[in-house]
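Architecture at a glance
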Amino acid sequence: MKCPDCQVDLNENVSRCPLCGKLAETSEPVIRDVSYQDYPAYEYRRFQRNLSLVYFCGSVAVFVALALLERLLTGRLHYLPYLAFLVPCVWALVIRPRMNRSLSPGNFLLGALFTISLLLFWVGRMQRLPMTSTLASGVAIVTLGAVSVLFLDTLVHKKNRERHLVFLLIFLVLGAAEFAAALREGHAHPAYVVLSACALGLSLINLIALGAFCGRALWEELRARFHF
Amino acid sequence: MPKMKRGSEIPHWFPLDVAGTIYPSARTRNWNYTYRSGFLLKEEVNPGLLRQALEDIHSRFPSFFVGVRNGLFWYYLERMENLDIVRRESTYPCRPMNIFSRQSPAIRILYDHRRFCLEIAHCVADGGATLTMAKALLARYLQLTGKEIPPDSGLTDLTEPPKPEELTDSYREFYVKKVGKPAPDANAWQYRPPQVLNYLKVIHGILPLEDVLPAAKARGITLTDYLMAVYLYAFYLAVPKSRRSSRQIKVSVPISLRNFFPTETLRNFSLFTNIGFDPRAKADFSFDDVLEAVKGKLAAAKTKEAMQKLLSSNVAMIQNPLVRLIPNVLKRRVLQIGYVLAGENKFTTPMTNLGRVTLPPGVAEHVEQVEGILGGSAQKRINCAMISDERFLHIYFSGDTKRTEVQREFFRLLAREGIRARVECNIREEEDVE
């Protein structure tokens with residue numbers, strides 16, 4: 001087959017020229033001794049549009065609705081800055097990783113930590129409780145829970161061990177900060193001190209366990225993650 | 001086949017090379033830079049033996065079986081042992097791959113009847129390096145099918161362990177401080193036909209070298225210069241004046257730095273130069289005018305001094321302490337914008353000539369055609385790759401648009417020059433999207 005306009009040889013099984021769309025004519029090929037590649041047939045699948053805009057608009061809508069609700073109930077917009085912080089946190093730590101299929105438990109735990117802490121902060125303000133204690137206790141509880149989950153996951157899933165390293169470091173820093181804050185606050189509730197000590201201790205145990213399980217691989221992972 | 005000690009002295013992770021740094025950052029949700037290199041054999045491909053051949057060569061080429069990971073300051077490559085990457089070809093070529101996957105490396109091997117090919121993310125290696133690996137895979141596969149390959153075939157020796165030099169980042173190796181900056185490049189005219197997502201139309205042209213080489217010789221220029229002029233003129237003819245802006249039409253040509261710097265690296269080691277002409281210079285351009293405009297420009301750009309300047313400016317940018325300090329999550333956005341402003345905006349279309357693929361005796365007899373396809377691009381709707389074997393030049397136009405006006409003018413111009421051509425498309429008319 002041949003295209004009368006483009007003057008090129010065409011495959012025997014096509015009726016139109018792929019270059020100009022003209023009907024192909026039967027003719028002797030000018031190039032011989034070479035076979036066609038015959039690409040496999042495939043079914044075109046429409047591209048699934050990115051839903052990030054939908055998620056983003058949804059987040060903004062939630063933010064606006066909560067702000068309006070607060071304005072309606074209290075006549076003020078006192079918690080707007082916290083909400084403004086909460087929405088991007090949930091977006092960055094929970095929604096976006098999920099969209100990218102990076103379903104690491106660490107992402108969800110960090111997201112949960114920020115969300116619960118902010119909610120506690122909000123509730124504390126509404127109930128007129130001392131802010132630092134409420135927030136710090138909440139963060140300590142969540143940190144403890146998150147580190148426990150990571151610890152269990154480290155024991156069960158061998159593949160996830162090295163991936164937990166970064167999250168574990170974040171929780172370690174958080175645990176240390178909470179413990180330091182609890183010690184500094186002279187009249188802190190003993191439960192709060194115990195909780196933050198447990199969070200810090202479990203983070204350390206987790207890190208040591210990870211080091212024992214992974215050995216040199218953990219050091220390599222650290223080097224890779226932080227290479228400059 | 002003797003087995004080398006797996007993993008001995010081969011690092012578990014590598015920093016991305018200087019050129020590779022940009023690709024993971026520049027990726028979008030529906031695109032990452034993937035390209036294909038492959039062979040059409042004379043016999044049907046046996047997938048079992050292909051898998052076996054891959055098992056046999058993989059320890060010799062550790063830098064190819066990697067996935068991209070997210071570090072605090074930079075992305076990096078992590079070695080992966082999963083070799084379940086041989087698949088029957090069932091979709092369009094160079095489909096974007098998940099380079100961050102923990103399940104499979106940023107490379108896949110596809111087969112279909114007599115053809116097999118490697119599709120690889122550009123952040124891992126460039127075309128020259130991939131071709132080296134593809135040849136080794138081909139030779140091993142043929143050996144497994146019972147073909148005799150002479151020991152002195154010049155292909156990579158699979159019994160040797162990988163050399164450390166093959167894993168080095170040669171950009172950094174040959175970086176020289178204070179060699180001057182390359183001349184700034186003006187923005188080019190952009191060809192923007194409607195894009196179709198999840199789609200790649202490949203138009204494969206076969207031209208006999210006995211027609212093309214004399215045509216280039218008669219004009220007194222190299223084959224690459226000649227085809228570049230044809231390609232540029234095809235854009236000039238295909239797009240009406242009213243749709244052209246007042247900018248130059250430019251082609252981006254990759255240049256392998258292996259010809260200028262002594263290296264054995266099997267990672268990226270190439271740079272790009274943009275060559276074109278200004279359609280405003282004359283009311284009407286003829287093909288001869290375009291030939292005259294581009295003649296010698298590529299040779300002038302392909303000097304060691306020019307390449308050294310370009311290489312050093314790229315490395316200096318990456319090694320800037322301020323750039324290094326920015327966390328990756330922010331740096332990625334900056335690089336993504338930089339990739340468009342300082343890279344993609346400077347040329348109209350890419351055109352890569354992989355050159356003549358010479359296969360050793362014992363291998364060449366079993367190969368009918370060679371293949372090299374550029375995947376879709378974030379900004380460019382049409383890309384061109386060329387590769388030749390002993391008798392034919394294969395031209396692969398690929399793009400995520402249905403429009404074929406440039407390709408049409410390209411082949412019509414060749415026909416007017418007296419060059420025979422045969423054309424094939426990966427999408428049959430009944431399969432094409434509405």
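Here, every reference points to the structure presented above.
Reference entry: report on the structure contained in this document. If you're wondering where the values come from, they're calculated on a predicted model, not measured in any experiment. (Residues numbered from 1 in each chain as written. Chains lettered and ligands numbered in written order. Predicted model: local features only at pLDDT ≥ 70, side-chain atom pairs only at ≥ 80, totals over all residues. Heavy atoms only, no water.)

Let's talk about the overall build of chain A
The condition that has to hold: Here a strand is any run of E in DSSP of at least two residues, a helix any run of H or I of at least four, and the numbering for each starts at the N terminus. Here's how the labels work: a residue is buried when its accessible area is under 20% of the maximum for its type, exposed when over 50%, partly exposed in between, all with a 1.4 Å probe on protein chains only. In what follows, residue pairs with any heavy atoms lying within 4.5 Å of each other are defined as contacts. Here the accessible surface of atoms and residues is derived via Shrake-Rupley with a 1.4 Å probe, and residues count as covered only by protein chains that are part of the display.
Across its full length, chain A carries seven helices and one strand. The helix and strand sequence of chain A, counted from the amino end, reads β-α-α-α-α-α-α-α. Looking at chain A as a whole, 39% of its 228 residues are labelled buried. Long-range contacts, defined as pairs at least 24 residues apart, comprise 56% of the intrachain contacts of chain A with a sequence gap of at least 6. When the accessible surface of chain A is summed, it comes to about 13,200 Å², and 66% of that surface belongs to carbon and sulfur atoms.

Quick notes on the environment of Tyr-236 of chain B
By the secondary structure assignment, Tyr-236 of chain B is in helix 6 (residues 223-238). Separated by 48 residues in the primary sequence, Tyr-236 of chain B and Asp-284 of chain B have C-alpha atoms spaced 9.8 Å apart.

Re the sheet that holds strand 6 (residues 107-112) of chain B
All names here are of chain B. Rules: Strand pairing requires that DSSP identify at least two bridges connecting the strands. Note on geometry: axes are C-alpha line fits, over the in-contact stretch for helices, and angles between N-to-C directions span 0 to 180 degrees.
One open sheet accounts for five strands, arranged 5-6-7-2-12; its pairing is mixed. Only two strands of the sheet have a single neighbouring strand rather than two, namely strand 5 (86-88) and strand 12 (367-374). Neighbour-to-neighbour, the strand axes of the sheet open up by a mean angle of 20°, direction not taken into account. Relative to strand 12, strand 2 (residues 34-41) runs antiparallel, the two sharing seven bridges. The partner of Leu-41 across the bridge, within strand 12, is Val-367.

Side note on the nonpolar core
Residue and element names in this part refer to chain B. Basically, it comes down to this: We define a nonpolar core as any set of buried Ala, Val, Leu, Ile, Met, Phe, Trp, Tyr and Cys residues linked to one another through side-chain atoms lying within 4.5 Å.
One finds Phe-64, Phe-116, Tyr-226, Tyr-231, Phe-410 and Phe-411 to be the most contacted residues of the largest nonpolar core, which totals 133 residues. Discounting residues that sit within four places of it in the chain, Phe-116 has contacts with Gly-38, Phe-39, Leu-41, Val-45, Leu-50, Leu-110, Tyr-111, Leu-137 and Leu-138. Listed in part, the 16 residues of the second largest apolar core include Ala-19, Phe-269, Leu-271 and Met-307.

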